[in-house]
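Chains, contacts and geometry: an overview
Residues per chain, in single letters:
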Amino acid sequence: MTTYIMLANWTDKGVQSVKDSPRRLDAAKKALKDMDGEFKSFFLTMGQYDIVAVYEAPDDAVAARFNLQLGMMGNIRTRTLKAFPEAAYREIITSLG
C-alpha cells in the first residue's frame, strides 16, 4: 500500500454545513475502504489547512479517484502528497551513489 497525506480546506459550502462533517468523514472512510484503502490518521488542524489526513491506497490511480470523488461533493478542496516511509527514503537516498 502507498501512503498519502491529504491537506484539505473546507469550501464555503463545506463550512456552512460543518456540523455534517463527521458524517461526511464516515462516508469518505467507507468510500476509501470500498477501494481497498484505509484512513490511518485524521486531524482537525488550525493554520493553513482545516484538515490533515493520512491514508493508504493500493496505488496512485485509486488515490486520484478518491480525491476526485471528495472534490466532486463540493465540501472540501484537497492537496495530496505521496509519502515515502523511512525505509523507502533510505533506499532512495542510498541509490544516489
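Whatever comes next refers back to the structure up there.
Each chain has its residues counted from 1, following the order in which its sequence is written. Only residues with pLDDT of at least 70 are given local features in this predicted model, and only at 80 or more are side-chain atom pairs given and counted; all residues enter the totals for whole chains, interfaces and linings. For side-chain calculations, the full set of non-hydrogen atoms in the structure is used, while hydrogens and water are omitted.

Remarks on helix α2 (residues 21-34)
Helix numbering and strand numbering both begin at the N terminus, where a helix is a DSSP run of H or I of at least 4 residues and a strand a DSSP run of E of at least 2. What a helix should span is 1.5 Å times the count of its residues minus one. Taking 1.5 Å as the rise per residue, α2 with 14 residues should run 20 Å; its terminal C-alpha atoms sit 20 Å apart, in good agreement. Note on exposure labels: buried denotes an accessible area under 20% of the residue type's maximum, exposed denotes more than 50%, and partly exposed covers the range between, all computed with a 1.4 Å probe on protein chains only. Every buried residue of α2 is accounted for by Ser21, Arg24, Leu25, Ala28 and Leu32. Considered in projection along α2, the buried side chains sweep an arc of 105 degrees and stay on one side of the axis. Turned more than 90 degrees from where α2 packs its buried face, Pro22, Arg23, Asp26, Lys30, Lys33 and Asp34 sit exposed. Its buried side turned inward, α2 meets β1 (2-10), α1 (12-16), β2 (38-44), β3 (51-57) and α3 (60-73). Aspartate 36 sits one or two residues past α2 and shows a positive phi near 70 degrees. Along the arc lie the directions from the helix axis toward the C-beta atoms. Here, residues are in contact when the closest pair of their heavy atoms is within 4.5 Å.

Observations regarding the sheet that holds strand β4 (residues 76-83)
Whenever strands of a sheet pair, they do so through backbone hydrogen bonds, lying parallel or antiparallel. The four strands are arranged β2-β3-β1-β4 in an open sheet whose pairing can be described as antiparallel. Each having just a single partner strand, β2 and β4 make up the two edges of the open sheet. Pairwise comparison of adjacent strand axes, ignoring direction, gives a mean angle of 20 degrees for this sheet. Direction of pairing for β1 relative to β4: antiparallel, over a ladder of eight bridges. Bridge assignment links tyrosine 4 to a residue of β4, and that residue is lysine 82. To define axes, lines are fitted to C-alpha atoms, for helices over the stretch in contact only, and angles between the resulting N-to-C directions are given on a 0 to 180 degree scale. Sitting on the sheet, α2 is in contact with β1, β2 and β3, with an inclination near 160 degrees to β2. For two strands to be treated as a pair, DSSP must find at least two bridges joining them.

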